[in-house]
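Take a look at the letters that make up each chain.
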Amino acid sequence: MDNEQAVLYSRILTELTLTFHIIYATIGVGVPLMIFLAQWLGIKKQDEHYILLARRWTRGYIITVAVGVVTGTAIGLQLNLLWPTFMEIAGNAIALPLFMETFAFFFEAIFLGIYLYTWDRFENQRKHMLLLIPVAIGASFSAIFITMVNSFMNTPQGFEFANGYMVNVNPILAMFNPAMPTKVAHVLATAYMTAAFVLASIGAYRILKGSNHIYHKKALLLTLKVGLIFSVAAAIIGDFAGKFLAAYQPEKLAAMEWHFETEEAASLTLFGILQNGDEVKYSIELPYALSILAHGNPNAEVIGLDQFPSENIPPLYIHYLFNIMVLVGMGVTVLGLVYLIGKFLRKKFIHSKFFLWLIVTSGPLCIIAIEAGWWLAEVGRQPWVLRGILRTEDAATTSNQVDLMLYLFIGLYLILGIASAIVLIRMFRSNPVERELADQKGGG
Amino acid sequence: MSYELIGISVLWLFLFGYIIIASIDFGAGFFNAYSVLTNKQHIISKIIQRYLSPVWEVTNVFLVFFFVGIVGFFPSTAYYYGTILLVPASISIVLLAIRGAYYAFTTYGKLKSNFWTYLYGFSGLFIPASLSIVLTISEGGFIYIEDSRIILDYLALFTSPLTWSIVILSLTSVLYISAVFLTWYANMAQDKPATELMRRYALSWSLPAIITASGIIVELRLHNPVHFDRLLDLWWMFAISFVLFLITLLLIWLRKSYGIAFIVLVCQFLIAFFAYGISHYPFLLYPHLTITEGFTSEAMAIALIIAFIAGFCLLIPSLFLILKLFLFNKEYVQGRIK
Ligand code: HDD
Ligand code: HEM
Ligand code: HEM
């Protein structure tokens, strides 16, 4: 295998592992918050339904955590195995948040272990609930620290680069780089939002399958409320992320918006397909919108792709990814809003089959948006691993066996993905809410 | 003490922590599978599950901590080890992943069948074997550099007696450490038959463990004389370690103070592990990489050490809490509370 192929397979394997991990990781960040809210409501309202909600979510959560943990361990090692040069160079400046992330995991792991096995140990339920706080904090801080690393890859700073080495390193400056605020905020908001909609999907599905218990309706209301709040937050922060790009990574913004010529009062291109490299067809043009998105001013100048040498321009297909992400974001926001208004006005349609099916799709759609968003962010950074400093093709391993490892991991993720799905489905099907509530009443 | 020395000592300590708790975990899985095979499952399964359930994720974090830490303090290890370990480390990842996931699936997801118990139990032995390869490689002699590419010589690696002695050592110590711990744990649970069974395992794995450990020293003499000489300089540490080994053995033989026996065993391994580590100093990879060459920048080192101290202050009380709730809580251990 020559070096080009090693690079290619390393990329595919990295993409595969991250794409798989991010599903479980996002759920892992968001679900503890939902469990906490449910348990808190349950204690406050003295409502056993919410407590049961917390219990059942926890049971499913632990399965996703397990897959999150093992795939996370895989990426952690793979980053070193597949990108040794990158880790050697970047490690000098960005090891700190990676290191702190392990403390966040530690914290989460310890308290999750305690939380799981102490449901009935405390007289006071509140004490048990408090154990969730370190779990939620640990999970969210894992996301914060790892996203700091990823921000650094987009806007590296806090060092001087000389002879291929990073010198005069300032780890704090490297952590708090310009990409960090919007990225971290957007990742957290979308993780909470995704967890909420995924749980809403499950509730809606149970109702569709004939379970008419009030339990599921309470679950729907709670999850959609939280989902709506965070989807609005995600959109607002996403807008800031666009402004950040205009200032620091104009080539990414220009590529994802198909903005070829630098101009003032730029219009925003929605949808469309690209032909012959730079002809946009079937698109909708919103006048001034790109200038507003990028700079908050309808007449501002937006830098186009003409300002960059062609070898530094990321693949243009990220436009589609951006559209998918934004469409899902808008779609689920509207869905949550309509549901809550319908609920407020006591309309019947929110429990109609059609509407419930719409809710069922919201969870998977959010996962798709998460994937699209990450692919947008990562592919949009190409050809750089460390923007402006290290190219992806120079960072990969020189090993000859990357292709074999790729097949090995494809097998692993197939097994893990299928098995975790089977286990989750069986867990909830063989133990419906009605039965569990009856068992509790029966003194069990 | 220089920063690199602080760094490597902390990491070595965490690696030791991983080795002990992972050994208990891997060994427990094996004994569980073995007991199913020999129809003695009713005796020890419960004990093993009670211990493992709350801690399995914590075990994994120790490993993550070690490899993230070593790349943090010594970024050049990413370059050297990252390139050569692609295949062995990937295999370890897959084994760890399958084992970890299926543990969760069976325990929380109620996916019960003997097949998984076997898979879980026996994969637990391959993991220490595959991870221990890293130690062998660090002794040097299996790597060559060709057109500035680092290449691992698999043939040399797999035909070297050193490799196989280290693999066997890892297996025997896993089983020995685990058996001693579970003897103690079963005794705390006041489970007589389980205690007796685990005691028997502990005694029968003690001798193979100590013999293979001594075997390594002999192998090293041929493979890496420099390292061997440095080991001999530290003979007194190994002597202390050996005395501690005898104490553990005696206590278990006499059915006395299993708790102290386990603590003495931890000290025995700690001393031997550090003697080995000190004699390895200053090399991270013979003869290519030393801890001074591979070290990160000073600013990063200070930041990492501060982060470590802060993190440690968080961890110690939480670790203490989990131990108190599950390991030293008589009611829990004896199964009177869930
Ligand atoms: C449920 C998921 C989801 C939803 C609905 C949205 N996003 Fe997003 N977006 C993400 C999930 C995501 C993400 C997965 O979290 C990304 C990938 C990397 C990152 O920092 O966040 C991301 C990245 C990302 C980036 C690239 C940042 C960078 O590369 O530095 C921009 C500009 C936006 N988003 C903008 C938006 C806008 C304007 C949205 C309007 C509704 C939006 N996102 C909805
Ligand atoms: C701290 C966080 C992250 C780090 C350090 C990181 C590291 C890397 C590296 C080294 C590459 C180079 C390989 C390449 O360009 O092909 C890469 C690319 C990529 N990463 Fe990330 N990544 C991070 C977060 C993520 C996440 C969470 C995802 C989500 C799925 C992701 C998805 C991808 C994808 C899809 C590519 C391929 C881009 C391409 O090939 O054009 N990354 N990442
Ligand atoms: C290159 C990027 C990444 C690396 C190297 C990485 C590394 C890891 C590792 C090593 C673990 C296992 C920790 C353990 O043993 O407990 C893990 C789990 C986890 N990761 Fe990732 N990760 C990456 C990307 C992400 C991203 C982008 C997020 C969040 C947005 C994330 C969130 C989590 C969470 C929450 C867990 C804990 C498992 C759970 O609670 O479900 N990771 N990750």
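Small disclaimer: the values here were computed from a predicted structure and weren't measured. (Residues numbered from 1 in each chain as written. Chains lettered and ligands numbered in written order. Predicted model: local features only at pLDDT ≥ 70, side-chain atom pairs only at ≥ 80, totals over all residues. Heavy atoms only, no water.)

Student: What am I meant to see in the site of ligand 1 here?
Tutor: Residues and elements named next belong to chain A. Around ligand 1 lies a shell of 24 residues, among which Lys183, His186, Lys252, Met325 and Gly373 are the nearest. One of the side-chain nitrogen or oxygen atoms of histidine 186 is found 2.9 Å away from a nitrogen atom of ligand 1. Within the side chain of lysine 252, a nitrogen or oxygen atom sits 2.6 Å from an oxygen atom of ligand 1. Looking at the shell around ligand 1, the elements that each hand over two or more residues are α7 (180-208), α8 (214-248), α9 (250-257), α11 (318-344) and α12 (353-379). When residues in the shell around ligand 1 are grouped by element, the largest group, seven residues, is from α8. Along the lines of polarity and charge, the residues of the shell around ligand 1 split into 14 nonpolar, seven polar and three charged. (Near = heavy atom within 4 Å. Polar contact = N/O pair within 3.5 Å; in protein donor to acceptor, adjacent residues only side chain to side chain. Helix = DSSP H or I, 4+ residues; strand = E, 2+ residues; numbered from the N terminus. Nonpolar A, V, L, I, M, F, W, Y, C, P; charged D, E, K, R; others polar.)

Student: Even after reading the chapter, I still don't get the pairing of strand β1 (residues 143-146) of chain B, so can you show me in this structure?
Tutor: Consecutive side chains along a regular strand alternate between the two faces of the sheet. Where β1(B) meets strand β2 (residues 149-152) of chain B, four bridges bridge the pair, whose relative direction is antiparallel. Among the inter-strand pairings, B:Ile145 is bridged to a residue of β2(B), identified as B:Ile150. (Pairing = 2+ DSSP bridges.)

Student: What is the right way to read the site of ligand 2 from this model?
Tutor: All names here are of chain A. As a structural note, the neighbourhood of ligand 2 is formed by 19 residues, with Arg11, Glu15, Ile146, Glu378 and Gln382 the closest of them. Contacts to ligand 2 include glutamate 378, whose side-chain N or O atom sits 2.9 Å from a nitrogen atom. Of all the secondary structure elements, the ones that give two or more residues to the shell around ligand 2 are α1 (3-45), α5 (132-154) and α12. Considering every element that reaches the shell around ligand 2, the biggest residue donor is α1, with five residues. Looking at side-chain class alone, the shell around ligand 2 contains 11 nonpolar, four polar and four charged residues.

Student: Mind showing me how you'd approach the interface of chain A and chain B here?
Tutor: Often the size quoted for an interface is simply the accessible area lost on bringing the parts together. Each partner contributes to the interface: chain A provides 62 residues, whereas chain B provides 68 residues. When the two sides are added together, the surface that chain A and chain B hide from each other amounts to roughly 5,800 Å², 78% of it contributed by carbon and sulfur. Of all residues in chain A, A:Phe106, A:Tyr117 and A:Arg121 give up the largest surface area on contact with chain B, accounting jointly for 13% of the area buried on that side. One can count three residue pairs in polar contact (both at pLDDT 80 or more) joining chain A with chain B. Mapped onto the side of chain A that touches chain B, the elements with two or more residues apiece are α2 (48-82), α3 (84-116) and α13 (402-429) of chain A. A per-element tally of the side of chain A that touches chain B places α3(A) first, with 25 residues. (Contact = heavy atoms within 4.5 Å. Buried area = accessible area lost by both parts, 1.4 Å probe.)

Student: Help me understand the environment of B:Leu63, please; the structure alone is not making it clear to me.
Tutor: Residues and elements named next belong to chain B. With respect to the helices, strands and loops of the structure, leucine 63 is situated in helix α2 (residues 41-73). For the pair leucine 63 and tyrosine 102, spaced 39 residues apart in sequence, the C-alpha to C-alpha distance is 18 Å. Leaving out residues up to four positions away in the same chain, leucine 63 has contacts with Tyr18 and Leu96.

Student: Help me understand the coordination of the iron atom of ligand 3, please; the structure alone is not making it clear to me.
Tutor: In a perfect tetrahedron of four donors around a metal, the angles come out at 109.5 degrees. In a perfect octahedron of six, they are 90 or 180 degrees. Exactly one donor from the protein chain reaches the iron atom of ligand 3: A:His21 (NE2), at 2.1 Å. The topology assignment puts A:His21 in helix α1. (Donors = N, O, S within 2.8 Å, 3.2 Å for Na, K, Ca; no water.)

Student: I keep staring at the coordination of the iron atom of ligand 1 and nothing clicks. Help me out?
Tutor: All names here are of chain A. At 2.1 to 2.6 Å from the iron atom of ligand 1 lie its protein donor atoms, namely His186 (NE2) and Met325 (SD). Metal-centred angles of 79 to 179° between the six donor atoms at the iron atom of ligand 1 mark the site as octahedral. Linking histidine 186 in helix α7 with methionine 325 in helix α11, this pair joins segments that are 139 residues apart in sequence. (Tetrahedral: all angles 85-135°; square planar, octahedral: opposite > 155°, others 65-115°.)

Student: Quick question: what am I supposed to make of empty space enclosed by the protein here?
Tutor: It is the rolling of a water-molecule-sized probe over the atoms that shows where space remains empty. All names here are of chain B. Applying the stated criterion across every chain, the model contains four cavities of 30 Å³ or more. A volume near 150 Å³ is recorded for the largest cavity. Considering the residues around the largest cavity, the lining is formed by 13 residues, among which Asp25, Trp56, Asn60, Leu96 and Arg99 are closest to the centre. Put simply, the parts of the chain that give the lining of the largest cavity at least two residues each are α1 (3-37), α2 and α4 (86-109). Split by residue class, the lining of the largest cavity holds eight nonpolar, three polar and two charged. (1 Å grid on protein atoms, 1.4 Å probe; cavity = no way out; pocket = protein on both sides within 12 Å on 5 of 7 lines; lining within 4 Å. Points joined across faces, edges and corners; volume = space filled by probe spheres on them.)

Structural measurements only, silent on function.
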